[in-house]
Structures are given as C-alpha cells and as structure tokens.
Amino acid sequence: MSAPNKSYDPVEVEALKPEVVEQARDEAVAAFAAATTLDELKQAKVAHTGDRSALSLANREIGALPPHAKAAAGKLIGQARGAVNQALAKRQGELEAERDARVLVEEAVDVTLPYDRTPRGARHPLTTLAERIEDTFVAMGYQVAEGPEVEAEWLNFDALNLGPDHPARSMQDTFFVQAPDGSADSGVVLRTQTSPVQARTLLDREPPVYVVCPGRVYRTDELDATHTPVFRQVEGLAVDEGITFADLKGTIEVLVEKLIGGGLELRWRPSYFPFTEPSAEIDLQCFVCRGESVGNPDRPCRTCSSEGWIELGGCGVVNPRVLVACGVDPNRYSGFAFGLGLERILMNRHNVADMRDMVEGDVRFTLPFGMEI
Amino acid sequence: MRVPLSWLREYVDLPAGETGRDVAERLVRAGLEVETVEQLGADLKGPLVVGEVLSIEELSGFKKPIRHCFVNVGGANGTGEPQEIVCGATNFAVGDKVVVVLPGAVLPGPFPISARKTYGHTSAGMICSARELGMGDDHNGIIVLPPEYEPGTDAIELLQLVDEVLDIAVTPDRGYCLSMRGVAREAATAYGLPLADPALLDVPPANSFGYLVKVDDPAGCDRFVARTVVGVDPNAKSPIWLQRRLQKAGIRPISLAVDITNYVMLEVGQPLHAYDKQRVDGPITVRRAAEGETLTTLDGVERKLAAEDLLICDNSGPIGLAGVMGGASTEILDPAAGPGTTEVIIEAAHFDPVSVARTAKRHKLPSEASKRFERGVDPEAARAAAQRAVDLLVLIAGGTAEAGVTDIAAPHPVRTITIAADLPDRVAGTAYGRETVTRRLQEIGCSVAGADVLEVTPPTWRPDLTDPYDLAEEVIRLEGYDNVPARMPNVPPGKGLTEAQRIHRRIGVALAGAGYVEVNNYPFLGEAAFEALGLEPDDRRRRTVKLVNPLNDEEPSLRTTLLPGLLGALRRNIGRGNTDLAIYETGTVFLPKDELSVAPRPAVDHRPSDEELAALDAALPDQPRRVAVALAGERLPSGWWGKGDQASWADAVEAARTVARAAGVELTVRQGQRAPWHPGRCAELVVAGTDRVVGHAGELHPRVVKALGLPARTAAMEVDIDLLTADGPQKVNGPAVSGFPVATQDVALIVDAAVPAAEVEAALRSGAGELLEAIRLFDVFTGEQVGEGKKSLAYALRFRAADRTLTADEATAAREAAVAEAVSRTGAVLRGA
Ligand SMILES: [Zn+2]
C-alpha cells in the first residue's frame, strides 16, 4: 500500500474512476441476481466482495490518496459497496426462502399413517360408574365407606331386621361359607347386599353419618343376559337428627340428574325391605322411549321392555330396629338408605344388551369406555 | 298371586272402562308389585260355540286314530245343518257337548280357522281342546262340557276366555295380598270404593258335637276349625266358572273337593285341607312329631319327620304336615279309580308362621299353603273360609253340612299399638294431619282411638303391623309417595375420599394409562386352579375359604390370589382373537385366619358388646386388596415404524413399579422364586428400605403356561395393595433444583453374571455420595470380550453440586469412589482398566 501523496490524484488512479467503480458495482449486482442457488451466490459473493474483488482493491487505493481526495473516493466506494451488499442480502433472502420452501415440501409426510404404537388401556365401566356416583355424593359431603365381601350373617341379615326365620331371608339366595367343621353353621356368608356396610358404619361412628358404600355382592343366580351371581351395588346411608323420606327423595333426584340427566319422571313405588320402613322402589322413566312404548306394539322399546319404567333401586327410611341393633338412639336420630344396582344402571345408561359382557373381561367391551364414564 | 280382573270386580265395583293396566298402575302406586298384565284371549276371534256330537265315524288306515264327525252347532254356522269336522282326539262320544270353532275364527297363536280337506273329508272347523283355547296347557283332550248347554251357545263367554290377569309379586310383609280379598281391599282403597268382603259370612257358632279335634301344641296351632259335609256326590265335577278361575289364577283343577279348598284359599287367603272323613281314623290331634315318625305326603314322597315338625294326626299316626301338605292316606279319592269320597272333613287352621316356614324348608316343600302361613294368615278368617267351602260342597256336590262345628281357639291378646299422631308426618317430612292419619289407618282395617296419641288396633289379617313405624308406612304409602315433597338434608362438610381410596383410584388410572385394560373376575376357584399354577401341596394359597353351596362344585373356594381369574380372562380373550393383551384386575382375596372360629349371632335389641363385635370380625377371613396384571403377545406393536416389543417379565415388573409409583411407594426388586413364576425370571417386590415383600412379578413358568394353554412368555404380576401402603402416605419434600452445570461420566463394570444389577447400582449410588444426581444403566453386554459367566454393565453418572460448578477432578473423584464401592461390594472390575 502506498503512502499518502499530496500530488496523487484519484482521477488518475484507474481503479477509483467513477465509471470503473460503477461498473464493478453493476457487475456484482448482476452476478448476484444471476445466482440461482445459494452456492452460486456464495461464489458470486467471494468474487465481488472478497479481498480480490474490484471494489476491495479500489478501496485499498483510498489510503494512498491525498487527504482532500479521500472523502470523495471513500464516498464513491462506500456507496457502491452499500449497493452491492444490499443486493447480496436481498438475493440471499430470496434464495433461502426458496430453499426453505423446497425443503419443507420435501420433508412432508403422510400424517394419516396410523400410529397405534402406544397400547391403549381402559378402566372397567362398572368401576368408573361407581366412582361417578361416589363423587356425586362426596361433593354433597358424604364419605365413601367400605366393608368386607365375606361378611358375618349377623351384619348381613340380623342387624338389618332380617331374623333367622324372616321370609325375606329366603328371597336372597345366599352363598354360605363353610364352618371350621365343614357345616353351614359358620355364621358367615358372602354378603348379599352392601347394606351390612351401613350397619358397620353405624357401629363405628356417631351420627351424623352420611356415607355411600360401593361394592361387590353375591347371590346364587346363574349367569345369563340379565343376571350375574357377582354384581355391584352402591348403598347410601344418612343418619342424622330429623332425616325424613323427603330428604331421601331430594337426594335421589339430585343423583339421577347428575347420573342420567334431568327432565325424567321418577316413580316411587311402595315396596318392602326389612331394613327400611317405609320402603320404596325407584323407577326412572325410560329415557329412550319416555314411556311411549307402553301398550304400543309398533314401537317396542328394548331398554325398558316396553314397560315405560326402568328399575333404579330400592330405598327407604331406616327401620328404627336397625338403629337399635347398631346402638343408635332411634328417638333422637332417623335416617334413610338406598341401594342401586350398578350393572342395571350401566345397561340402561350405555345400552349394554347382555350382562355377560360386563363379566367376561373381553377387552373389546371395556376399551371404548376409556378412563371415565 | 295371579288376579283375574273379572274376579276382582266381584268384590270392588271398579269403573267399567278400567283396564288391567289401569288397575295395575293404581296397585303399583299402592305398593303391590304387578309384574305383568296378561291379556287372555286378546287374539281370539269367534265363532266359537257349543256343539253336540251327532255322529262319529272312526277312520282307519292312518297312523293315528282319526274321527269323522258331524256336530250340531245350532244356528251358529248360518245353515243349522250339522257341521262336518275331522278330529284327531278320541275322548268324546256321540251326544257329548263340545266346543267347536267354525271357519273364519282365529284361535290364540294366532291360528286362523278355515274349512279344508283332510283325511279324505271336509273339516269345516275344529273340536277344541283346552290348550288350543289358551286355557292352560295341562289338558290335551277335547273339552267335554256339562250336558246342559245348548248347541250354538257362544263359548267365548261361556268359558270366560277373554280376561286380564294381573300377576303380582307379593312382598313378605303383605301376606294378606295372597288372596283376592286382600288385593280387592287394596284396590278398593286405591279407588276409594267400598269392598264386598268375601269373608263376611254367616257362620254358625262353635258347638260340642263337631269332629273331635285335640290341639296338643297351642303355640304351633292357635286355631283349628273343622267342618264336615256328608252325602257328597263323588262324581260331581267343578263347574266351568270354578275351573276357569283356578286356571286363570295358575292352579290346576283336580277334583271338586280339592278345587273348592283351593278356590276358597285364593278367595280369602285361608289355606284349607279336605280329608276323606271315612279314611280318618278317630279324632284329629295336632302335635309335634316324635323321633323316627314318617309320613307319605300327597305328592307320594315318604318323609322322615323331625321333632320340630308340627303334625295333624289320627289314631293311625301322622296324616298331614301342618300348614304344608296333607298326607296320602286320607286324600280325597278319585271316583275314576274306585269308590269316590262321599264324606269330607274341612280343616281351616292357623299355624305358627315360623314353624311352618321351618318345616317347609326342612322338607324342601314350599306349597301354596306354606307360602301363606309363613307370611301370616288372618286367624279370624278360618271360620268363614270353612263355611265357604262347606257352602260350595253343598251347592255343587249336593252334600249335607253336618251341624257340628269344631272351633278351637287359643286366646289371642288384642294387639294395640300406640302411635304419636304426627309420627307419619315426621317420618315423611310433610304434614298429613291427624284426621288423614286416622282415616288411612281405618281404611286398612285398624280401629283407632285417641287424639295426639293414637291407640291403634290393627286388623287380624295384618300381623305385619307391629310397631308405630309400620303404621306410619301405611299412611305414607296410601297418601302416595309421589306426594311426599323432595328436599335436601343439611350434610355437614365432608372429608372427601380417604387416602386409601385415592390410591386405589390412582392405581387403576396409572395402569390404564400404561395400556392395561381392567377386567373383573368371579372370585370362585377350585383345586384345578392351584394345580395349574403348580403350587406346592403346602402352599399357603391352597388354604381357602370354602362355600357350602357353590355355583359349581368344581369351584367351591374363594380366591387366595387374583392370578387364576386373570389368566382365565387372558385365555378367554386370546380364544376370541385378541392376541396382544395387557389386562389388570384389582380386588380382594380371601385368606383364612390361622385360628378359625364361628361368628356369633348377638341379640338385635341393643348394640352388641365390643367383645361380640370383635368375635364377628375374628370369624371372617382376612380380605386384603390386591392388584394383578397379565400380559401376552406384543406389548408394543410392530408397525410401519418397525418391530415392536414382545411382552416380557420386564413389563410385569414395570407394572409393579407403576402401581407403586401411583401409591407413592418406592419398590426394590430382588431375584425371587415363587410359583407360578419362572424360577429364573421372577422378581420379588419389596418396599424400599424395608424387608416387606408385597408381591411378585415376572414371566410365568413354562409348565404353567402350558397347563393353562397360554402363549409362551406370558408374564404376570400380583401385588398386595394393603401391604404396599402399610406405612401410610409419605410426604415428598420439594427438591432444591441446582442451576449449576452437570458433569456426566460413564463407567462400565464387569461382574459375575449372577450379580443383580440392582446391587451394582446400589453400590455405585452409595459410593458416589451426595454429588450424584442421577444414575442410569444404559447397556448390558455379555460375550467373549467380557469373558465366560460375566456381564458388563455400563452406567451414565450425572454429578452436580448445589452451590458450585464441579471441576472435572471433583467429578472424577466421585466416580472413582462409586466404582471403588462397587468393586468392594460386588467384585466388579472396571472395564478397560
Ligand atoms: Zn323405553
């Protein structure tokens, strides 16, 4: 590089002549525009902005100019380089966008390919149905209570006002557990109902008692489309001062609305259970035909067998004798209790035609129910 | 109880247009469970008429006897000419009156009738059997009518073929509804109409010259009415109306005397028994059985009597099981088989419900009579019932009622119940008021006195009414449950689910989230299940709770492990073509206690003592809650992405960890040995930091797999949730997360193949000290390079300090300490060292 020289005239320097600078600029801009790939652009960039490029060489000559000429030359070169860089950046942007677009197209896949790589699981609908009912009552302030499936006869029957010779006792086809001597006199049975949990709860805690008791129960029925010897109930019990039949009705109405939906009529049929008095069977208006199938052979309803009603369960005001047997003062406290059969509710709520499907453990039955119901 | 609507109308003047369904709906709301309303003769269409058989020509040459008949049907066929009919039955003769269905009619089925050619003749109609008319399926032969009916008379009306029958399932507290009288009373109340009580009869008072009866056991028999009728025509038949009512009520007509006793039982609810008086030897005695006595009952079965059985006896010994079934030796005789019965003793007695129930149960002999006595019969109906039977015998069979009236009655205390007049209000949660309460109680037959406190005497037909709440129920029922308001109780704030309940739910959610499908199996199993699992003879799981009356004699036990049921479900699924399976079950198992005992039966008039309650629980087996999984086929499926993974022992172990994590418990895994698992592929699952084994997991023993017909490499896990969570909830302290950089160092160790990886890792952890943040086994390798009987375990160790950036030297020092510990504990050799 030459030293500053006062007599040195930029006009005399070939490389700094404006027409030369402009030509170099124009060539660079044209080269960038002509580049069709990022690689070509890179080569053009080296050629036109690299150390050996015309503008770089011209720039180097400025140092040797006399001071008065430096500014004009610097300005000339600076403008040219600015234009060149701008063109480069622009083209760079264009080519990158093109490349990106192309790559994204090339990377496209068939997102409709099935990807069932993670095995699916599911909980049994009877389990989740029980939980839904539990949750409804827990939200009201109830506790969930549990008891053993192999139960003392006293708790399954006697404490519930079903004495040894009570006719209702033979209605419940009971599995008896063998005594140590092999006889039937063990005093132990497979519970025929979840009601012994009521008795256990009352023996266990002081009123007020508000509990809901889900569980498996047993009767000596053969398995068929509508019966199973092992089935599930949810029992509810409220014992407090001033509990009445009206409280029972209100509570069941709330449950039905949460479980099935509103707008359906309930029918309260007087019935008989030894552990409640008065006792009732609760029928729910068929939510499929809303009763329109009754006496109407042209419109049969499978859900309610054209009866118009679906049996929901039994209930009533707790018989004071039960309170007495459990050590609760019937003059101070009263209560209500209800029991619902979960299989039947599931059949109705989810259009399950055959109870055997709930029992046999075929995964094709359970999978569609997922984690909640 | 089957209630023909036409019969019901005899006692209650129901509105004319009221259908069976309408009546059923009212009765249902009053508490009678009407199961069905049968429409008798709904699809029946005439002409169906009385015919007189004019001629019979027996046709021969056919496989069965065929008759070509001419029958006079009056003007019913429009011509008055004899009707030509071909008939396959032979139980009628010329001159008999029969039921003829003419062309154009439709019999139940529906079965349209038209004239047709058959057996070479024209058959313009049919001579009908009871079955063809839908009258009951017990008769195959032609109906032969009494001679008094005119040919051409409409037989639909005559045979009362069109009717509605309400089938009512009577609950045990409503024994009185096992009679027309009781159902009619409910219907009368439901419609607000008067009742024509069939038990309101004029009955002559008891006297001393009735049939001699001695009641030795007045507790077992507090009422015994006996009446006698003589000069009975043994050939008299039950009239059509009587037979039809019995048939519609579901009772088969047998003979006049028996039909009458059944009819009166249906009408007033009092079971009766008819003896052939000439076959009864001397006075009747009611007493308990003596040891060794036997009785042949009407059904021809000889029964060994128990000392508790209450008997009707004569001089010859037992002639009846009181309230259950009569004996064969004094049975009414069929005139077709010899001289028929001409003298009848009618028994109308009242027996102790418990005694009858026990006898019926003991002899497995539930009868129409025992069903009623068990539920309570009106003791005051006995006289009227006997009178009614006598009247019918006189009327129909031309008998003469003898003047003697036997009526032995033990004194009955008047049952009076004291009830606060507002008790029904307090039970229902509404205000009925005293007047309503009093009126309703009177409607069911009570006499009521008093004002704020009522003295109520229930009617004799309602033995179920024993305390004030029984009366409150009656009031509320009759006022209508639908009219009780609905309101919500003031429930105190609840505590939500218990920790155990939350854990049970989390376990289910976690397993389902991990791809397991829940199944629920019956808990019944037998020896075969244990054999298939290969349990040793002394395996504790073979000690089971056994049922007296199992559904299946091969499966008398309750499960002590979830595996048999779960593996059964696995096989069932595979059999149905579901091959890649991961299923789980949670539920209780039943483990007999070491000390077996019998559960006491404390009194129910007070709370049992704590000792009694403890004895109740002591008699029950332990019933811990378990969870189990079973896997077969591909755990991760193959697909377009590549090969999947077969289910293996490792998945079963991981399922246990999934369960433990859901329960907030850390598990340690040890090499284990337990049936039914593969002895080399069985993990023993232990709660970390304890020695408490909570279950096992791994691959099933190949023999078990074979015995159960499962795919090779089937894996399973079973964990006791109660044991797993026995330490209660563990509180997690939030970790201080260090922001300083991590230093990662790898280490490969060679150990004997038998050394468990878990031990090597534990040693590394303990040697590495506090700086170790995480350790991960990333490779297991066996082969020539590591030597025979050896394996190489490669770990990545992540070190980090809470307060500074670790230097390379610090990390290396920690790694070396870790290796040193592994070397000393497990004999490991640093690979490449
Ligand atoms: Zn319906």
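Here the residue numbers are simple positions, counted from 1 along each chain's written sequence. Following the order in which they are written, the chains are lettered starting with A and the ligands numbered starting with 1. With the structure being a predicted model, the display of local features is reserved for residues of pLDDT at least 70 and the display and counting of side-chain atom pairs for 80 or more, all residues being used for whole-chain, interface and lining totals. Side-chain descriptors were evaluated using all non-hydrogen atoms of the structure, hydrogens and water having been removed beforehand.

A.B. asks: Is there a simple way to explain the overall build of chain B in this structure?
C.D. replies: Only DSSP runs of H or I covering at least 4 residues are called helices, and only runs of E covering at least 2 are called strands; the numbering of each starts at the N terminus. Along the backbone of chain B there are 21 helices and 42 strands. Throughout, radius of gyration means the C-alpha value; the globule benchmark is 2.2 Å times the number of residues raised to the power 0.38. A compact globule built from 833 residues should have a C-alpha radius of gyration of about 28 Å, whereas chain B, at 41 Å, is more than 25% larger. The proportion of buried residues among the 833 residues of chain B is 51%. Summed over its atoms, the accessible surface of chain B is roughly 36,800 Å², and 52% of this surface lies on carbon and sulfur atoms. If you average the places of the 87 positive and of the 115 negative side-chain charges in chain B, the two averages end up 5 Å apart. Remark: exposure states derive from per-residue accessible area (1.4 Å probe, protein chains only) relative to the maximum for the residue type, with buried under 20%, exposed over 50%, and partly exposed in between. Surface accessibility follows the Shrake-Rupley procedure with a 1.4 Å probe radius. Residue values consider only the protein chains on display as shielding. Two residue types count as positive, namely Lys and Arg, and two as negative, namely Asp and Glu; His and chain ends fall outside the count. In plain terms, the charge of a residue is placed at NZ if it is Lys, CZ if Arg, CG if Asp and CD if Glu.

A.B. asks: Sorry, what's going on with helix H5 (residues 240-248) of chain B here?
C.D. replies: Counting along an α-helix, one turn takes 3.6 residues, and residues three or four places apart therefore face a common direction. Residue and element names in this part refer to chain B. Judged by how many residues are buried, H5 sits mostly within the fold: seven of nine residues are covered. Looking at H5, one finds that the buried residues are Ile240, Leu242, Arg244, Arg245, Leu246, Gln247 and Lys248. Of the residues flanking the end of H5, it is Gly250, one or two places downstream, whose phi is positive at about 90°.

A.B. asks: Whenever I open this one, the coordination of the zinc ion confuses me. Can you help?
C.D. replies: Octahedral metal centres with six donors ideally show angles of 90 or 180 degrees, and tetrahedral centres with four donors ideally show 109.5 degrees. Any N, O or S atom lying within 2.8 Å of the metal counts as a donor, and for Na, K and Ca the limit rises to 3.2 Å; water is left out, so some sites can look incomplete. On the protein side, the zinc ion has Cys286 of chain A (SG), Cys289 of chain A (SG), Cys301 of chain A (SG) and Cys304 of chain A (SG) as donor atoms, found 2.2 to 2.3 Å from it. In these descriptions, tetrahedral denotes four donors with every angle between 85 and 135 degrees, square planar four donors and octahedral six donors with opposite donors over 155 degrees apart and the rest between 65 and 115, and irregular any other case. One way to put it: the four donor atoms around the zinc ion meet at angles of 104 to 115°, and that makes the site tetrahedral.

A.B. asks: Is there a simple way to think about the sheet that holds strand S24 (residues 400-409) of chain B in this case?
C.D. replies: One key point about sheets: their strands pair by backbone hydrogen bonds, in either a parallel or an antiparallel sense. Residue and element names in this part refer to chain B. Pairing between strands requires that DSSP locate at least two bridges from one strand to the other. Reading across the sheet, the four strands line up as S16-S23-S15-S24 and stay open at both edges, with antiparallel pairing between neighbours. Only two strands of the sheet have a single partner each, and these edge strands are strand S16 (272-276) and S24. Between one strand and the next, the sheet's axes are offset by a mean angle of 20°, whatever the strand orientation. As paired elements, strand S15 (residues 221-230) and S24 share seven bridges and run antiparallel to each other. Paired with Val229 across the strands is Ala401, a residue of S24. The strands that helix H9 (residues 382-397) touches are S15, S16, strand S23 (344-351) and S24; relative to S15, the one it contacts most, it runs at about 15°. Here an axis means a line fitted to C-alpha atoms, over the contact stretch when the element is a helix, while the angle between two N-to-C directions is reported on a 0 to 180 degree scale. A contact between two residues is defined here by any heavy atoms of the two lying within 4.5 Å.

A.B. asks: I keep staring at the domain arrangement of chain B and nothing clicks. Help me out?
C.D. replies: By convention, interface size is frequently given as the accessible area that disappears when the constituent parts associate. Residue ranges labeled as domains rest on an automatic or database domain assignment. Splitting chain B by domain gives domain 1 (2-42 + 164-191), domain 2 (48-161), domain 3 (213-409), domain 4 (417-458 + 469-483), domain 5 (499-602 + 611-724) and domain 6 (743-830). A straight line from the C-alpha centre of domain 1 of chain B to that of domain 5 of chain B covers 53 Å.

A.B. asks: Help me understand the sheet that holds strand S9 (residues 334-341) of chain A in this model?
C.D. replies: Residues and elements named next belong to chain A. Pairing within the open sheet is mixed, and its seven strands lie in the order S1-S4-S5-S9-S8-S7-S6. In this open sheet, the two strands that pair with only one neighbour each are strand S1 (143-144) and strand S6 (266-273). Taken together, the 10 bridges between strand S4 (residues 209-218) and strand S5 (residues 230-240) define a ladder with antiparallel strand orientation. For Cys213, the partnering residue across the bridge sits in S5 and is Glu235. Running over the sheet, helix H5 (residues 125-140) touches S1, S4, S5 and S9 and is turned about 165° from S4.

A.B. asks: Where do I start with the UniProt feature "binding site: Mg(2+)" (unreviewed entry) in chain A in this structure?
C.D. replies: Cross-referencing UniProt, the feature "binding site: Mg(2+)" (unreviewed entry) maps to Glu277 of chain A in the present numbering. By the secondary structure assignment, Glu277 of chain A is in strand S7 (residues 276-285). The exposure class of Glu277 of chain A is buried, given its relative accessible area of 7%. If we ignore the near neighbours within four places in the chain, the residues touching Glu277 of chain A are Val317, Val318 and Asn319 of chain A together with Val427, Asp467, Tyr469, Asp470 and Glu473 of chain B. UniProt positions are given in the numbering used here, feature names are shortened, and annotations may be inferred rather than shown by experiment.

A.B. asks: Would you explain the packing of H5 of chain A against helix H11 (residues 342-350) of chain A in this entry?
C.D. replies: Describing two packed helices takes the angle between their axes plus the distance from one axis to the other. Residue and element names in this part refer to chain A. Orientation of H5 relative to H11, taken along the N-to-C sense of each, is 100°, at an axis distance of 10 Å. Between H5 and H11, the angle falls in the class roughly perpendicular. Facing Pro125, Leu126, Leu129, Ala130, Arg132 and Ile133 of H5, the residues of H11 in contact are Leu342, Glu343, Ile345, Leu346 and Arg349. Put simply, Ala, Val, Leu, Ile, Met, Phe, Trp, Tyr, Cys and Pro go in the nonpolar bin, Asp, Glu, Lys and Arg in the charged bin, and everything else, Gly too, in the polar bin. When its residues are assigned to classes, the contact of H5 with H11 shows eight nonpolar, no polar and three charged. Angle categories: roughly parallel below 35 degrees, roughly antiparallel above 145, roughly perpendicular from 65 to 115, and oblique for all the rest.

A.B. asks: What am I meant to see in the interface of chain B and chain A here?
C.D. replies: On the side of chain A, 112 residues touch chain B, which itself brings 103 residues to the contact. Put simply, buried area is how much 1.4 Å-probe accessible surface two parts lose in total, over both of them, once they are put together. Where chain B abuts chain A, roughly 8,800 Å² becomes buried across the two surfaces, and 57% of that area is made up of carbon and sulfur atoms. Note on definitions: salt bridges are taken to be side-chain nitrogens of Lys or Arg within 4 Å of carboxyl oxygens of Asp or Glu. Inspection of the chain B/chain A interface yields 11 salt bridges. Residues Arg505 of chain B and Glu131 of chain A are paired through a salt bridge, measuring 3.8 Å at the closest nitrogen-oxygen approach. By the criterion applied in these results, polar contacts are pairs of N or O atoms within 3.5 Å in which, for protein atoms, one can donate a hydrogen and the other can accept it, and in which residues neighboring in sequence qualify only through two side-chain atoms. Where chain B packs against chain A, one counts 50 residue pairs in polar contact (both at pLDDT 80 or more). Tallied by class, the residues present in the side of chain B that touches chain A amount to 54 nonpolar, 22 polar and 27 charged.

A.B. asks: Sorry if this is basic, but what is going on with the domain arrangement of chain A here?
C.D. replies: One can read the domain layout of chain A as domain 1 (15-107) and domain 2 (125-369). Distance between the C-alpha centres of domain 1 of chain A and domain 2 of chain A: 88 Å.

A.B. asks: Even after reading the chapter, I still don't get the pairing of strand S35 (residues 667-671) of chain B, so can you show me in this structure?
C.D. replies: The side chains of a regular strand alternate, residue by residue, between the two faces of the sheet. Residue and element names in this part refer to chain B. In this sheet, strand S36 (residues 677-687) lies alongside S35 in antiparallel orientation, the contact comprising five bridges. Note that in S36 the partner of Leu667 across the bridge is Val687. Connecting S35 to the antiparallel partner S36 that follows it, the hairpin turn spans five residues.

A.B. asks: Mind showing me how you'd approach the environment of Val704 of chain B here?
C.D. replies: Residue and element names in this part refer to chain B. Along the polypeptide, Val704 turns up in helix H18 (residues 702-707). As for Val704 and His678, which are separated by 26 residues in sequence, their C-alpha atoms are 8.9 Å apart. When neighbours within four sequence positions are excluded, Val704 is seen to be in contact with Ala532, Leu533 and Pro676.

A.B. asks: Whenever I open this one, the pattern of salt bridges confuses me. Can you help?
C.D. replies: Two side chains that carry opposite charge are able to pair once their charged atoms sit near each other. In total, this model carries 88 salt bridges over all chains according to the counting rule given. As a salt-bridge pair, Arg299 of chain A and Glu292 of chain A come within 2.6 Å of each other at their nearest N and O atoms. A relative accessible area of 40% places Arg299 of chain A in the partly exposed class. With a relative accessible area of 46%, Glu292 of chain A lands in the partly exposed category. With a shortest N-O distance of 2.9 Å, Arg825 of chain B and Glu821 of chain B are connected by a salt bridge. Highlighted residues: Arg825 of chain B and Glu821 of chain B, both in helix H21 (residues 808-826), separated by four residues, approximately one helical turn. Relative accessible area serves as the criterion here: at 25%, Glu821 of chain B is assigned to the partly exposed category. Connected through salt bridges with shared partners, the residues Asp173, Arg174, Glu186, Arg462, Asp464, Glu474 and Arg477 of chain B form a single ionic network.

A.B. asks: Is there a simple way to explain unusual backbone geometry in this structure?
C.D. replies: Most peptide bonds take the trans form, and the phi angle of most residues other than glycine is negative. Of note, the bond from Pro207 of chain A into Pro208 of chain A is cis; its omega dihedral lies within 30 degrees of zero at 0°. Tracing the backbone shows Pro208 of chain A in the loop between helix H8 (195-204) and S4. For Ser305 of chain A, which is not glycine, the phi torsion reads 50° and is therefore positive. Examined against the element boundaries, Ser305 of chain A turns out to sit in the loop between S7 and strand S8 (309-318). According to the relative accessible area criterion, Ser305 of chain A is exposed, its value standing at 53%. Even without being glycine, Arg713 of chain B reaches a positive phi, approximately 70°. Arg713 of chain B gets classed as partly exposed once you look at its relative accessible area, which sits at 45%.

A.B. asks: Hey, could you run me through the side chain of Thr118 of chain B in this one?
C.D. replies: You can see Thr118 of chain B is positioned in strand S9 (residues 116-118). Given the relative accessible area of 14%, Thr118 of chain B is considered buried.

A.B. asks: Explanation requested: H11 of chain A in the structure shown.
C.D. replies: All names here are of chain A. For H11, every residue scored as buried is listed here: Leu342, Glu343, Ile345, Leu346, Met347 and Asn348. Buried positions along H11 lie against H5, S5, helix H9 (245-259), S8, S9 and helix H12 (356-359). One or two residues past the end of H11 sits Asn351, with phi positive at roughly 55°.

A.B. asks: What exactly am I supposed to notice about the packing of aromatic side chains here?
C.D. replies: Each pair of aromatic rings is reported with the distance of its centres and the angle of its planes. Ring pairs are drawn from Phe, Tyr and Trp, using the six-membered ring of Trp, whenever the two centres fall within 6.5 Å, and their geometry is named by plane angle: stacked under 30 degrees, edge-to-face over 60, tilted for the rest. Evaluated as defined, the whole model comprises 17 aromatic pairs over all chains. Judged by centre distance (6.0 Å) and plane angle (65°), the rings of Phe245 of chain A and Trp268 of chain A are edge-to-face. Residue Phe245 of chain A is located in helix H9, and its partner Trp268 of chain A is located in strand S6; the two are separated by 23 residues in the primary sequence. By relative accessible area, which is 0% here, Phe245 of chain A ends up buried. Overall, Trp268 of chain A belongs to the buried group, its relative accessible area being 3%. Grouping aromatic residues by their ring pairs yields a cluster made of Phe137, Tyr142, Tyr210 and Phe338 of chain A. Here the guanidinium or amino end of Arg67 of chain B rests over the ring plane of Phe92 of chain B, the centre of that ring lying 4.7 Å away. Should the NZ of a Lys or the CZ of an Arg lie within 6 Å of a ring centre and within 35 degrees of the ring normal, that charge is described as sitting over the ring.

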